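Remarks on the overall topology
Read off the chains here:
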Amino acid sequence: MKKSSGLQQQGEIGRSVRPLAHPSLAQLLPVLTAEHTALLNFIVLLEQEQEILVENRTDQLLELSQQKSTDALRLNELTETRRSLLQKNIPQLSVDTIRTWLKTHSPNGLAIWLEVITLTKRAQWLNQTNSELLQMKLRHNQQSLVVLNNAVKKTNLYGSNGQPSFSAGNGRSLGIS
């Protein structure tokens, strides 16, 4: 019996001496920092996109959209990694539970995480604004195409055989008397 009580004491000692930092906590700070940096870069990209849209330099959008997709995928990976690490310590993730847990276990992590929240809101706003700008340009282009198509139909100067299709009685003289 003494042997089992010795193991029990050893277990109790092991529990009281356990490390303060959980392995996932040590991984969390670098992931939060990487997510923060990725968000800053993504915001710069969204601001460039907005500038291109406002200045009507649409020829540059394709290259930028490829970079935006790559960066968005990387940002999603970092976000999922952060969530996974937090869930190891916090069963129910919410803004309040994360804030409370980080305040207790990682004040530096809390500061970065609060900044990540602010940057995420900024990125969402920029992305929504850019989407609206793009939709406005698309509607304008569609309206322009409709106007041009209607003008072509009305003026129908040439037939399908490439010959002029106007006559003297149709009200279009084109300088011919």
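Structure shown above.
To keep things clear, this report deals only with the structure shown in the data block. (Residues numbered from 1 in each chain as written. Predicted model: local features only at pLDDT ≥ 70, side-chain atom pairs only at ≥ 80, totals over all residues. Heavy atoms only, no water.)

Below, the discussion takes up the overall build of the chain. Helix and strand content of the chain: 5 helices and 0 strands. Counted from the first residue to the last, the chain has its helices and strands arranged as α-α-α-α-α. Looking at the 177 residues of the chain, the share that counts as buried comes to 22%. Considering only contacts in the chain between residues 6 or more positions apart, those separated by 24 or more positions represent 61%. For the chain, the exposed surface amounts to about 13,000 Å²; the carbon and sulfur share of it is 56%. (Helix = DSSP H or I, 4+ residues; strand = E, 2+ residues; numbered from the N terminus. Buried < 20%, exposed > 50% of the residue type's maximum accessible area, 1.4 Å probe, protein only. Contact = heavy atoms within 4.5 Å. Areas by Shrake-Rupley, 256 points an atom, 1.4 Å probe, with all protein chains shown as cover.)

Of note, the phi angle at N56 is positive, near 60°, even though the residue is not glycine. Checked against the element boundaries, N56 lands in the loop between α2 (23–54) and α3 (61–87).

We now examine the pattern of salt bridges. The full count for this structure, using the stated rule, is 8 salt bridges. The partner of R74 in a salt bridge is E77, with the nearest N and O atoms 3.6 Å apart. Of this pair, R74 and E77 are both found in helix α3, 3 residues apart, which corresponds to roughly one turn of the helix. Note on R74: relative accessible area 43%, which makes it partly exposed. Judged by its relative accessible area of 46%, E77 falls in the partly exposed class. We note a salt bridge from R99 to D96, for which the minimum N-O separation is 3.5 Å. Here the residue R99 and the residue D96 both occupy positions in helix α4 (residues 95–105), the gap between them amounting to 3 residues, near one helical turn. (Salt bridge = Lys/Arg side-chain N within 4 Å of Asp/Glu carboxyl O.)

Mapped onto the elements, E35 comes out in helix α2. C-alpha separation for the pair E35 and E77, spaced 42 residues apart in sequence, amounts to 9.1 Å. Reaching out from E35, the side chain makes a polar contact with the side chain of R82 at a distance of 2.5 Å. (Polar contact = N/O pair within 3.5 Å; in protein donor to acceptor, adjacent residues only side chain to side chain.)

Now for the nonpolar core. In this structure, L25, L28, V31, L32, L85, L86, I90, I98, W101, L102, L110 and W113 together form the largest nonpolar core, which totals 12 residues. For this core, the elements supplying multiple residues, two or more each, are α2, α3, α4 and α5 (107–155). Residue contributions to this core peak at 4 residues, all from α2. Apart from residues no more than four positions distant in its own chain, L110 is found in contact with R99, L102 and K103. One finds F42, I43, L46 and A123 within the second-largest nonpolar core, a separate group that totals 11 residues. (Core = buried A, V, L, I, M, F, W, Y, C linked by side-chain atoms within 4.5 Å.)

This part is about the side chain of N130. Locating N130 in the fold gives a position in helix α5. Look at N130 and you get buried, because its relative accessible area is 2%. If sequence neighbours within four positions are ignored, N130 has contacts with L46, E49, Q50 and L53.

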